[in-house]
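Close look at the chain arrangement
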Amino acid sequence: MFDNIRNLEGIIESLRLEEVMFRNNSNYTGNFLNADEYYIQAWEALAELSDEYVEIDWTYSVLYKFSFPGMIKFYDLCKEHSRLNKINFKKNPYVTAAEDYVRTAIDNAYVRNIAWNLWIPKKIVKKKKYIFLIETGCYFDDYIDMLDLLYEIRDYYDAQSKILEKELHGKVKVIKLPADKKETRKAA
Amino acid sequence: MRYELDLDLLRRKLSRARLQRENPKYLIKQPEGELAESLSYLIENVLKPLFAGEQIHSSDLDFNAFDGGDITDLYDFYMEHYYDGTSDWQRLGTVYNLCKNAVPLTNTVSFI
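Description of the structure in this document. (Residues numbered from 1 in each chain as written. Chains lettered and ligands numbered in written order. Predicted model: local features only at pLDDT ≥ 70, side-chain atom pairs only at ≥ 80, totals over all residues.)

Some thoughts on the overall build of chain B
Looking only at helices and strands, one finds 4 helices and 0 strands in chain B. Mapped in sequence order, the helices and strands of chain B form the string α-α-α-α. Here chain B holds 112 residues, and the buried ones make up 7% of them. Restricting to contacts in chain B with at least 6 residues of sequence separation, those with at least 24 account for 91%. (Helix = DSSP H or I, 4+ residues; strand = E, 2+ residues; numbered from the N terminus. Buried ≥ 20, exposed ≤ 12 C-beta atoms within 10 Å, placed from the backbone. Contact = placed C-beta atoms within 7 Å.)

Side note on unusual backbone geometry
Residue and element names in this part refer to chain A. The phi dihedral of Lys-86 is positive, around 55°, even though this residue is not glycine. Relative to the helices and strands, Lys-86 is located in the loop between helix H3 (69–85) and helix H4 (93–108). Even without being glycine, Asn-113 reaches a positive phi, approximately 65°. You can see Asn-113 is positioned in the loop between H4 and strand S3 (114–118).

Regarding the interface of chain A and chain B
Facing the 19 residues of chain A at the interface are 19 residues of chain B. Looking at the side of chain A that touches chain B residue by residue, the class counts come to 10 nonpolar, 4 polar and 5 charged. (Nonpolar A, V, L, I, M, F, W, Y, C, P; charged D, E, K, R; others polar.)

Some words on the packing of helix H1 (residues 8–24) of chain A against helix H2 (residues 38–49) of chain A
Residues and elements named next belong to chain A. At a closest axis distance of 9 Å, the pairing of H1 and H2 adopts a crossing angle of 25°. Of the possible angle classes, the one that applies to H1 and H2 is roughly parallel. When the axes of H1 and H2 are compared, the crossing they make is left-handed. Here Gly-10, Glu-13, Ser-14, Leu-17 and Met-21 of H1 come into contact with H2, specifically with Tyr-38, Gln-41, Ala-42 and Ala-45. The class makeup of the residues in the contact of H1 with H2 is 5 nonpolar, 3 polar and 1 charged. (Axes fitted to C-alpha atoms, helices over the stretch in contact; angles between N-to-C directions. Parallel < 35°, antiparallel > 145°, perpendicular 65-115°, else oblique. Left-handed = near helix turned anticlockwise from the far one by under 90°.)

Here we look at the nonpolar core
Judged by nonpolar contacts, the single largest core of 30 residues is most densely connected at A:Ala42, A:Met71, A:Phe74 and A:Leu147. Contributions of two or more residues to this core are made by H1, H2, strand S2 (61–66), H3, H4, strand S4 (132–136) and helix H5 (143–169) of chain A. If we skip the residues at most four places from it in the chain, A:Ala42 touches A:Leu17, A:Tyr143, A:Ile144 and A:Leu147. Grouped together as the second largest cluster of nonpolar side chains are 11 residues, A:Leu15, B:Leu42, B:Leu74 and B:Tyr78 included. (Core = buried A, V, L, I, M, F, W, Y, C linked by C-beta atoms within 7 Å.)

Below, the structure is given as structure tokens:
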């Protein structure tokens, strides 16, 4: 009766983190619910999901760089789709829909104190291989919602890649055989 | 830190105590209606073990049995039905926990 659970808010956050991880990461093995350390676990999961992160000392912000495999594949397919349909790459409906999706997902997510940029590459070059950038400010602490958002974006690109691939390569290719040569009679 | 409990003082203070409300919150309210299956699952597998002081490993939970919204509902459920943040209740809780965790001492008692 008197035993209020110490730091239940922290345990609830820890449970939320575990729920996000189990739902999105098939290799995740779990953890003890921990009100004091969930914060570190969430940060580690975020860092692991990113391709690279840079801590900026003078602003206490962190720049996370992402290039999910599905993203790279998606933009490669968009390039092919644009070429085949003779559409400007940046005006390709798949490219614009993806940008809109990311913007809406970020707007709807409960993540504050961040800045982001979706760099839409026409060509993946080594120097600029990161497609999606997020900078978290010094007061940022919505790590669990951020993880959920990133998994959502990753899944979107995976799903769209499959759709686009089916559209581009899924059709049965009809190989046109050369037409039979018409018999022509030589004039005697 | 060593604590000494003056049972006589405690008895006198308790006898003078007045409940602040007619329906004190610590009488745990029974939820109205039937709970959702997903929330019941969380109460059984998260809240009750926590009350018992047990640690919970997430791999022991069935994450198909509930979703993120149920976790928020669990917190609301706890706050509504179990938590009492009033200072009197907190102080009484401190005394209760001190008594519960106190190491018993033996003493000579004279019987008539």
